[in-house]
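Listed here are the chains, written in short residue letters.
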Amino acid sequence: MKIAVCPGSFDPITLGHLDIIERAAELFDKVIVVVMCNSTKKSSMFSIEERIDLIKRSVSKNNIEVDTYSGLLVDYAAKKNAVAIVKGLRAMSDFDYEFQQALINKSLLPQVETVFLAAKGENMFLSSSMVKEVCSLNGDISRFVPDVILEDVIKRCKGENSND
């Protein structure tokens, strides 16, 4: 079984993330979406548990699992017997950073490949940070996040508890 890991912070998951995840699910037998605890991100809108729930509600393919991890991505990939790490690319600036990450990961775990999937044109600008910014200014984010989580994201932007 060919297993791929698709890491990210997913705070919140966007249609761009979902596109990459579901395209990866067409290429691999199983895709594990792993919510990574990122020490460089200042603060999160949603807790890890909430992000896992949002992702599970958003994905539609049966071969996609959702998990969390706080260590080195390559350690997680090895533990799950993954053959690939899947990353989405929006622009050249993404490539520079992701390529460096891929080289480090390859040196730490040579048997795992990094696979880059290019974002669709309509998602080239899309990021969780942009969604949060637009939402916080009362902009329409319905074209940026999955319908099933739209109200959760809007409520959180307005300071309401999404579990109410």
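Residues numbered from 1 in each chain as written. Predicted model: local features only at pLDDT ≥ 70, side-chain atom pairs only at ≥ 80, totals over all residues. Heavy atoms only, no water.

(A) Structural context of helix α1 (residues 15–27). Look at α1: 19 Å from first C-alpha to last across 13 residues, which is about the 18 Å you get at 1.5 Å a residue. The inward-facing, buried residues of α1 abut β1 (3–8), β2 (30–36), α2 (48–58), β3 (64–69), β4 (84–89) and β5 (113–118). The opening residue of α1 is Thr14, an N-cap whose side-chain oxygen sits 3.2 Å from the backbone nitrogen of Gly16. (Helix = DSSP H or I, 4+ residues; strand = E, 2+ residues; numbered from the N terminus. Expected span 1.5 Å × (residues − 1). Contact = heavy atoms within 4.5 Å. Polar contact = N/O pair within 3.5 Å; in protein donor to acceptor, adjacent residues only side chain to side chain.)

(B) Quick look at the sheet that holds β2. In space, the 5 strands of this open sheet follow the order β3-β2-β1-β4-β5, with parallel pairing throughout. The open sheet is flanked by β3 and β5, the only strands paired with a single partner. Here the strands of the sheet are splayed against their neighbours by 30 degrees on average, with no regard to which way each runs. With 2 bridges connecting them, β1 and β4 associate as parallel partners. Bridge pairing links Val5 to Ile85 in β4. Those strands touched by α1 are β1, β2, β3, β4 and β5, and its axis lies near 125 degrees from that of β5. (Pairing = 2+ DSSP bridges. Axes fitted to C-alpha atoms, helices over the stretch in contact; angles between N-to-C directions.)

(C) Local environment of unusual backbone geometry. Note that the residue after Asp11, namely Pro12, is joined by a cis bond; omega there is 0 degrees. Inspection of the secondary structure puts Pro12 in the loop between β1 and α1. The phi angle at Phe10 is positive, at roughly 50 degrees, despite the residue not being glycine. Within the element layout of this structure, Phe10 appears in the loop between β1 and α1. The exposure class of Phe10 is buried, given its relative accessible area of 3%. Unusually for a residue other than glycine, Asn138 sits at a positive phi of about 65 degrees. Relative to the assigned elements, Asn138 resides in the loop between α5 (128–136) and α6 (150–157). Among the residues examined, Asn138 registers a relative accessible area of 64% and is labelled exposed. (Buried < 20%, exposed > 50% of the residue type's maximum accessible area, 1.4 Å probe, protein only.)

Remember, this is a structural readout, not a statement about activity or role.
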